[in-house]
Amino acid sequence: SRIVFVGGYSGVGKSAVVSDLVRQLTEDDEHGGELVVYAWGKYSKLQSAAAPFSAISDALSQLVVELTKDKHAGHLKKLREKLCDDDSRISMTSTFPSVAPLFDSMESDPATVAGSMSQVKEAFKDFMSCVCTCLECPLVWFLDDLQWSDEASLELLKDVLSNIEMDNMLFIGAY
């Protein structure tokens, strides 16, 4: 995986630079270039304290929407075959409910909680590794306004980005 941080004052165009990069990558796709999956989330000063993992949840929601499109049917089938660990599924769907459509339809107890932060980290690491393995194209993962992120998000990102090898992922963080 590649990790890039974009820093600068508010309003200087950090998000615009990333948007332009993604636009160029998707234009290449339309002209025979490589397909790119893009997911992004944005932290908010007001939302971060009240909603841990808010930007990660937003990015995961976008990832689910993208992966459930017809053009990714093959990737989704492979992903569902690999996402069969019940403990990971429970941790992921209780912490990030938007990912539930990526798992095969297995019964889950809505009262089940994710458990410890270490369980969430392990499940998220497994999930992201599985997504990157199943995709045959790059995943661009962008989180904006990291300066407003909550402590749990930073802990999760630090652990996952430093302990996982994802050859086809580009993580971009802006602050």
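Procedures and definitions
Residues numbered from 1 in each chain as written. Predicted model: local features only at pLDDT ≥ 70, side-chain atom pairs only at ≥ 80, totals over all residues. Heavy atoms only, no water. Axes fitted to C-alpha atoms, helices over the stretch in contact; angles between N-to-C directions. Helix = DSSP H or I, 4+ residues; strand = E, 2+ residues; numbered from the N terminus. Parallel < 35°, antiparallel > 145°, perpendicular 65-115°, else oblique. Left-handed = near helix turned anticlockwise from the far one by under 90°. Contact = heavy atoms within 4.5 Å. Nonpolar A, V, L, I, M, F, W, Y, C, P; charged D, E, K, R; others polar. pLDDT = per-residue confidence, 0-100. Buried < 20%, exposed > 50% of the residue type's maximum accessible area, 1.4 Å probe, protein only. Core = buried A, V, L, I, M, F, W, Y, C linked by side-chain atoms within 4.5 Å.

**Q** Quick question: what am I supposed to make of the packing of helix 6 (residues 117-134) against helix 7 (residues 151-163) here?
**A** In helix packing, the relevant descriptors are the interaxial angle and the interaxial distance, both defined with respect to the helix axes. As a packed pair, helix 6 and helix 7 sit with axes 10 Å apart at the nearest point and diverge in direction by 45°. Between helix 6 and helix 7, the angle falls in the class oblique. Between helix 6 and helix 7 the crossing geometry is right-handed. For the pair helix 6 and helix 7, contact is made by M117, V120, K121, F124 and K125 and by A152, E155, L156, D159, V160 and N163, respectively. Looking at the contact of helix 6 with helix 7, its residues break down into 6 nonpolar, 1 polar and 4 charged.

**Q** Explanation requested: the confidence of the model for the protein in the structure shown.
**A** Atom-level detail of predicted coordinates should not be read off regions where pLDDT is low. Averaged over all residues, the pLDDT of the protein equals 86, while 87% of them reach at least 70. Summarising per-element confidence for the protein, the mean pLDDT is lowest in helix 2 (residues 47-50) (71) and highest in helix 3 (residues 54-67) (96).

**Q** Honestly, the side chain of H72 in this entry has me stumped. Any pointers?
**A** Looking at the secondary structure, you find H72 in the loop between helix 3 and helix 4 (73-82). Given the relative accessible area of 0%, H72 is considered buried. Excluding residues that lie within four positions of it along the chain, H72 makes contacts with L35, V37, E66 and L67.

**Q** Quick question: what am I supposed to make of the nonpolar core here?
**A** Side chains that are nonpolar tend, in soluble globular proteins, to be buried together. In terms of nonpolar packing, the biggest core is built from 43 residues, with I56, F127 and W141 touching the most fellow members. Of all the secondary structure elements, the ones that give two or more residues to this core are strand 2 (37-42), helix 3, helix 4, helix 6, strand 3 (139-144), helix 7 and strand 4 (169-174). The leading source of residues in this core is helix 6, at 9 residues. Core analysis: the second largest hydrophobic core is formed by 7 residues, V18, V36, F142 and I172 among them.

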